[in-house]
Amino acid sequence: MIDASRSDAPPRRVTLSPGETVADAARKAIAFGVEALLSNQTAAESGEAEPLHQLRVATRRLRASIELFSSVIYAAQLKFFRRDLPWLGTQAGAARECDVTSALIAARAAKIDPDLKGAIAPMLAALDERRKSEHARLYESLESKRYRNLIAKLSRPAIKKVGADRRLGIVAAQLVRPASRGASRLGEKLAYDAPTPVFHKLRVRIKRLRYELEMIAPLGAKRHRKTLARLEELQEMLGLYHDTTVATAWLLSYAETSAAPPRTMLAAGALIQSLSSRESKLRRRCMKAWRRFERSDAMRDTMEEIRKAGRLSLMSVSSPATDATEIDPPDQSQIARGEIADAPHSNHNSTDSHPGMETLS
């Protein structure tokens, strides 16, 4: 069985400058994502576990880049990306989940009756066969015309002219806000009796939020770094919960459909019981961790930090004599119409400057 452990090497990440235009930042982020996809493609096609994982991560980060800059990508292309990037991620994810499930079953086998440990071999063999099948589908996908068309379009993103010439530093908080609010709305649905998909959807949204914040790291400082660390912890915990639910679902299906020996069926039942207990504990831990994050006002503080850094970045492209106290945040209606360019000055208060807008509640 291929080792499903994660690599300790830190992945390369794109960081965007507050002084560059939104158009340049969008092209840079998307180009970086395409490079990450292509750099892992050959090894993933050969079936190596870590490149397969990194291919999936590259797809997720590309989706985050697309969503961060969705307001300046033409609608037809945006629709195409929103359809085909999830398709690619699903193809890579199916094989990856076999690795994760196998590793989790092997680890949990140490907690069941020692006499049943040896009976898990047929389960691992079944997962290995499934992985081969899923990997064959992924290989076909990576060799398909659909994938080539996706890479071609990602390599030439259709960026709008109106609004895309704004400085990233000024609108960064506005661009990140949908991911922040999306996570907040999903977090409100967490409960002990909430459906499992709610936890998974929150994990996906937290990933997107984290990836977006990482891209604009130059606009952040201490609060930004703390929020990223907390989001990563939440993502990891929700990931453990997700892996456990996926393994339990697979075992239930295996027990219902396979013609495995009786001792293997007993082992499957013991593993299901063990994983169910772990699932309940992780669900409670995820809920408590989210509530702590919510009460900390971490996102509100981070967004305010990003806004302040964006206003300061204007000073470097404005007249040296400009008094920083005279710079007000731009009016949102003007931003939406693309009337604000490099160095906006407005006498109106912006809704984006309200410190409570991004509070995760």
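If you're wondering where the values come from, they're calculated on a predicted model, not measured in any experiment.

## Comments concerning the overall build of the protein chain
(1) Moving on: What the protein chain contains, in helices and strands, is 12 helices and 0 strands.
(2) Moving on: Helices and strands in the protein chain line up, N terminus first, as α-α-α-α-α-α-α-α-α-α-α-α.
(3) Moving on: Put simply, the protein chain has 361 residues, and 51% of those count as buried.
(4) Moving on: For the protein chain, long-range pairs separated by at least 24 residues make up 80% of all intrachain contacts whose partners lie at least 6 apart in sequence.
(5) Moving on: Counting every atom, the protein chain has about 17,100 Å² of accessible surface; 52% of that belongs to carbon and sulfur.

## A short note on the nonpolar core
(1) Moving on: Within the largest apolar cluster, 77 residues are counted, with the highest numbers of intra-cluster contacts made by F69, L154 and L213.
(2) Moving on: Ignoring sequence-local partners within four residues, the contact set of F69 consists of L16, V22, A25, A26, A29, L168 and L175.
(3) Moving on: Judged by nonpolar contacts, the second largest core, of 19 residues, contains I105, A247, W250 and L275.

## Here we look at a positive patch on the surface
(1) Moving on: Among the surface-exposed residues, K111, K281, R284, K288, R292 and R295 lie close enough to one another that they form a single positively charged patch.
(2) Moving on: Among the secondary structure elements, R284 is positioned in helix α10 (residues 262-295).

## A short note on the environment of I272
(1) Moving on: Following the sequence through the fold, I272 ends up in helix α10.
(2) Moving on: When the C-alpha atoms of I272 and W250 are compared, they prove to be 9.6 Å apart, with 22 residues separating the residues in sequence.
(3) Moving on: Setting aside residues no more than four positions away along its own chain, I272 makes contact with T248, L251 and L252.

## Notes on the packing of aromatic side chains
(1) Moving on: What the rule picks out here adds up to 4 aromatic pairs.
(2) Moving on: Centre to centre, the rings of F80 and F81 are 6.0 Å apart; their planes meet at 65°, and the pair counts as edge-to-face. Like F81, F80 is buried.
(3) Moving on: For the ring pair W250 and Y254, a centre distance of 5.1 Å and an interplane angle of 20° mean the geometry is stacked. Separated by 4 residues within a single helix, W250 and Y254 lie in helix α9 (residues 222-257), roughly one turn from each other. Neither W250 nor Y254 differs from the other in exposure class; each is buried.
(4) Moving on: Sitting over the ring of W87, R146 keeps its end group 4.2 Å from the ring centre.

## Considerations on helix α6 (residues 145-155)
(1) Moving on: Y147, L150, I151 and L154 are the residues of α6 that are buried. On an axial view of α6, the arc spanned by its buried residues comes to 95°, and they lie on one face. Turned more than 90 degrees off the buried face of α6, the exposed positions are K145 and R148.
(2) Moving on: Residues of α6 that are buried in the fold lie against α1 (22-46), α2 (49-68), α3 (75-108) and α5 (121-142).

## So, the pattern of salt bridges
(1) Moving on: Going through the model one piece at a time under the given rule, you end up with 20 salt bridges.
(2) Moving on: A single salt-bridge network, built from bridges that share partners, covers R61, R210, E214 and E232.

## Focus: the packing of α2 against α3
(1) Moving on: As a packed pair, α2 and α3 sit with axes 9 Å apart at the nearest point and diverge in direction by 155°. Of the possible angle classes, the one that applies to α2 and α3 is roughly antiparallel. Of the two elements, α2 crosses α3, and the hand of that crossing is left-handed.

## Quick look at the packing of α3 against α9
(1) Moving on: Where α3 contacts α9, the two axes come as close as 9 Å, and the packing angle between them is 85°. It follows that α3 is roughly perpendicular to α9 by the angle criterion. Within the contact between the two elements, α3 uses E97, V100, T101, L104 and I105 and α9 uses H242, D243, T244, V246, A247, W250 and L251.
(2) Moving on: Broken down by class, the residue content of the contact of α3 with α9 amounts to 7 nonpolar, 3 polar and 2 charged.

## Points about the side chain of R307
(1) Moving on: Structurally, R307 can be placed in helix α11 (residues 298-315).
(2) Moving on: Taking relative accessible area as the criterion, R307 reaches 7% and is therefore assigned buried.
(3) Moving on: Within the structure, R307 has its side chain in polar contact with the side chain of E304 (distance 3.0 Å).

## Here's the deal with helix α7 (residues 168-187)
(1) Moving on: With 20 residues, α7 should reach 28 Å at 1.5 Å per residue; the first-to-last C-alpha distance of 28 Å fits that figure.
(2) Moving on: Within α7, the axis deviates most sharply at R177, by approximately 35°, and proline P178 lies no more than four positions further along.

## What about the environment of G19?
(1) Moving on: As for its placement among the helices and strands, G19 is situated in the segment before α1.
(2) Moving on: For G19, a relative accessible area of 31% corresponds to the partly exposed category.

Parameters at a glance
- Residues numbered from 1 in each chain as written.
- Predicted model: local features only at pLDDT ≥ 70, side-chain atom pairs only at ≥ 80, totals over all residues.
- Heavy atoms only, no water.
- Helix = DSSP H or I, 4+ residues; strand = E, 2+ residues; numbered from the N terminus.
- Buried < 20%, exposed > 50% of the residue type's maximum accessible area, 1.4 Å probe, protein only.
- Contact = heavy atoms within 4.5 Å.
- Areas by Shrake-Rupley, 256 points an atom, 1.4 Å probe, with all protein chains shown as cover.
- Core = buried A, V, L, I, M, F, W, Y, C linked by side-chain atoms within 4.5 Å.
- Patch = residues over 30% accessible without salt bridge, like charges linked within 9 Å, V, L, I, M, F, W, Y side chains within 5 Å.
- Salt bridge = Lys/Arg side-chain N within 4 Å of Asp/Glu carboxyl O.
- Lys, Arg positive; Asp, Glu negative; His and termini not counted.
- Charge placed at Lys NZ, Arg CZ, Asp CG, Glu CD.
- Phe/Tyr/Trp six-rings, centres within 6.5 Å; stacked < 30°, edge-to-face > 60°.
- Lys NZ or Arg CZ within 6 Å of the ring centre and 35° of its normal.
- Arc of directions from axis to C-beta.
- Axes fitted to C-alpha atoms, helices over the stretch in contact; angles between N-to-C directions.
- Parallel < 35°, antiparallel > 145°, perpendicular 65-115°, else oblique.
- Left-handed = near helix turned anticlockwise from the far one by under 90°.
- Nonpolar A, V, L, I, M, F, W, Y, C, P; charged D, E, K, R; others polar.
- Polar contact = N/O pair within 3.5 Å; in protein donor to acceptor, adjacent residues only side chain to side chain.
- Expected span 1.5 Å × (residues − 1).
- Bend = angle between axes of the 7 residues up to and from the residue.

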